[in-house]
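These are the residues of each chain, in order.
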Amino acid sequence: MSTTPDPRAVLADPNWLAHRYDERADAIQFIRLGRDGHRAATFITDEHLPADLPRCAIARHYAVDLAPPPAPVHFVFHSAFCCSTLVAAALDVEGHATTLKEPVILNDIVGFRRRGAQPRDVAERLDHALRLLARPFAAAETVVIKPSNIFNGLIPLALTMRPDARALLLHAPLPIFLASVAKKGLDGRLWVRKLMLGFIRDGLIGRFGFSESDLFGQSDLQIAALGWVAQQAIFNDVASAFGPDRVIRLDSETLLDDPVASLHQIAQIMNIDHGSDSRFADHVETTMGRDSKTGTPFSRTQRNSDYQSAQDQHADELAKVIAWADHVAKAAGI
């Protein structure tokens, strides 16, 4: 049930998260969720949050008018199955950074755009959503936002609108990405098709020259691979447009080879001082040694074993799709 606290109190309190954008009412729905709640949730989406959290809605322009000056904001953009949730958790250190794992309000902006909203209106809503998300738990903290990868078509707009923002572009190598999809069974295969539908609406697939009937005739893992290649194209364009001073690229295996060095590099480009190097290293090693979904201990050896099992089970299909994807990428100049 919605509550009706004083809007000024809501905007002054970072425990009230800007959670959803209601385009019909042109209002922002806030939920009350403290730092521990953020950390406990795999993602800050309704399926991962308690159903009885206090909620309230505030007219969008009124909420923005009441918002305090925004904190510095940086981004972790990703192509899925690449340890991005672990990276977000590792960057979250009290007194230094607040991280937001897949805030749904950004998905709402994507949906608003895909339903035909005018570019000016999309930009305004995105600007306001980022402003309302830039409310860390402590005044000195930076905010690091890890959107869902359905947001990737809006990366250029987000970085243009926030010229001081820095971004990590994180991906898993294609064989690992495809093995991740395959080992999830039907759920994984349906997910990549849904992702592809969104990318088509975003205009991200046209460069590959496939007709609707071509796409309909592709296998699930071909669709997965094409979506992966499309995201690499976005990352290439972003890296070229914004340069190494603002964007760092990383793959999951390099990250896992040396997580402490990788996280130091990410924190450095985002201008996040995590204090004691040794304490931060301990925090990173502890965080990266856990399953991002369950929080239980999970080693690199276990992860490799899981992927190897999926790769062995689907070896013929994976080999053919990887070769096909290489051809598609080269033909598109990626």
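Keep in mind the model is a prediction, meaning the values are calculated, not measured.

Parameters and conventions
Residues numbered from 1 in each chain as written. Predicted model: local features only at pLDDT ≥ 70, side-chain atom pairs only at ≥ 80, totals over all residues. Heavy atoms only, no water. Helix = DSSP H or I, 4+ residues; strand = E, 2+ residues; numbered from the N terminus. Rg over C-alpha atoms; globule rule 2.2 N^0.38 Å. Buried < 20%, exposed > 50% of the residue type's maximum accessible area, 1.4 Å probe, protein only. Contact = heavy atoms within 4.5 Å. Areas by Shrake-Rupley, 256 points an atom, 1.4 Å probe, with all protein chains shown as cover. Core = buried A, V, L, I, M, F, W, Y, C linked by side-chain atoms within 4.5 Å. Pairing = 2+ DSSP bridges. Axes fitted to C-alpha atoms, helices over the stretch in contact; angles between N-to-C directions. Salt bridge = Lys/Arg side-chain N within 4 Å of Asp/Glu carboxyl O. Phe/Tyr/Trp six-rings, centres within 6.5 Å; stacked < 30°, edge-to-face > 60°. Lys NZ or Arg CZ within 6 Å of the ring centre and 35° of its normal. Expected span 1.5 Å × (residues − 1). Arc of directions from axis to C-beta. Disulfide = S-S within 2.5 Å.

Draft legend 1. Representation of the overall build of the chain in the model. Within the chain, the regular secondary structure consists of 16 helices and eight strands. Taking 20 Å as the expected radius of gyration for a compact globule of 334 residues, we find that the chain reaches 20 Å, a close match to that expectation. Once the C-alpha set of the chain is aligned to its principal axes, its extents read approximately 60 × 50 × 40 Å. Expressed as a percentage of the 334 residues in the chain, the buried residues total 52%. The long-range fraction of contacts in the chain, counting pairs at least 24 apart against all pairs at least 6 apart in sequence, stands at 79%. Surface accessibility of the chain: about 15200 Å² in total, with carbon and sulfur atoms responsible for 51%.

Draft legend 2. Fine view of the nonpolar core. Counting 78 residues, the largest nonpolar core has Phe30, Phe75, Leu106, Leu132, Ile145 and Leu159 as the members making the most contacts within it. Counting residues per element, this core draws most heavily on helix 11 (residues 220-242), at twelve residues. Judged by nonpolar contacts, the second largest core, of 32 residues, contains Val76, Val144, Leu168 and Leu263.

Draft legend 3. Spatial organisation of the sheet that holds strand 1 (residues 16-22). Ordered by their spatial adjacency, three strands build an open sheet running 1-2-3, and the pairing between neighbours is antiparallel. Every interior strand has two partners, whereas the edge strands, strand 1 and strand 3 (55-59), have only one. The sheet shows a mean angle of 30 degrees between the axes of neighbouring strands, taken without regard to direction. Seen against the sheet, helix 5 (residues 104-114) touches strand 1 and strand 2 (27-32) and runs at an angle of roughly 15 degrees to strand 1. Sheet contacts for helix 6 (residues 119-133): strand 1 and strand 2; angle to strand 1, the most-contacted strand, approximately 165 degrees.

Draft legend 4. Molecular detail of the pattern of salt bridges. Throughout the structure, instances matching the rule amount to 26 salt bridges. For Asp326, the salt bridge is made with Lys330, and the minimal N-O distance between the two is 3.1 Å. Of this pair, Asp326 and Lys330 both sit in helix 16 (residues 315-331), four residues apart, which is roughly one turn of the helix. Assessed through its relative accessible area of 40%, Asp326 is described here as partly exposed.

Draft legend 5. Structural detail: the packing of aromatic side chains. In the structure shown here, the tally under the stated rule is six aromatic pairs. Taken together, a centroid distance of 5.0 Å and an interplanar angle of 15 degrees make the contact between Phe75 and Phe77 stacked. Through a chain of ring-to-ring contacts, the aromatic side chains of Phe75, Phe77 and Phe151 assemble into a single cluster. The ring centre of Tyr307 lies 5.5 Å from the NZ or CZ of Lys183, which sits over that ring.

Draft legend 6. Up close: helix 16. Under the 1.5 Å per step criterion, the end-to-end length of helix 16 is 24 Å for 17 residues, consistent within 8% with the ideal 24 Å. Residues Leu318, Val321, Ala325, Val328 and Ala329 constitute the buried set of helix 16. Each buried residue of helix 16 sits inside an arc of 90 degrees when the element is viewed along its axis, so together they form one side. Exposed side chains of helix 16 directed beyond 90 degrees from the buried face belong to Asp316, Lys320, His327, Lys330 and Ala331. Its buried side turned inward, helix 16 meets helix 8 (174-183), helix 11 and helix 15 (300-313).

Draft legend 7. A look at the state of the cysteines. Under the defined criterion, the tally for this structure stands at zero disulfides. With no disulfide partner, Cys83 has as its closest neighbouring cysteine sulfur the one in Cys82, 6.9 Å distant. We classify Cys83 as buried; its relative accessible area is 15%.

Draft legend 8. Here's a closer look at the pairing of strand 4 (residues 73-78). Most of strand 4 sits out of view: six of its six residues are buried. Burial of strand 4 is two-sided: the residues Val73, Phe75 and Phe77 facing one way and the residues His74, Val76 and His78 facing the other way are all buried. Across three bridges, strand 4 lies against strand 6 (residues 142-146) in parallel orientation. The residue bridging Val73 from the neighbouring strand is Val143, located in strand 6.

Draft legend 9. Quick look at unusual backbone geometry. Although it is not a glycine, Asp26 sits at a positive phi angle of roughly 50 degrees. Mapped onto the fold, Asp26 is located in the loop between strand 1 and strand 2.

Draft legend 10. Highlighting the sheet that holds strand 4. Read from one edge to the other, the open sheet built from five strands follows the order 5-6-4-7-8, with strand pairing classed as parallel. Each having just a single partner strand, strand 5 (97-101) and strand 8 (247-251) make up the two edges of the open sheet. Strand-to-strand twist of the sheet, defined as the mean angle between neighbouring strand axes without regard to direction, takes the value 20 degrees. Pairing between strand 4 and strand 7 (residues 167-171): four bridges, direction parallel. Within the sheet, the bridge partner assigned to Phe75 lies in strand 7 and is Ala167. Against the sheet, helix 13 (residues 259-269) makes contact with strand 7 and strand 8, and its axis sits at roughly 160 degrees relative to strand 8, the strand it touches most.

Draft legend 11. Representation of the side chain of Thr142. Looking at where Thr142 falls in the secondary structure, it is placed in strand 6. In contact with Thr142, not counting residues within four places along its chain, are Pro72, His74, His96, Ala97, Thr98 and Ile272.

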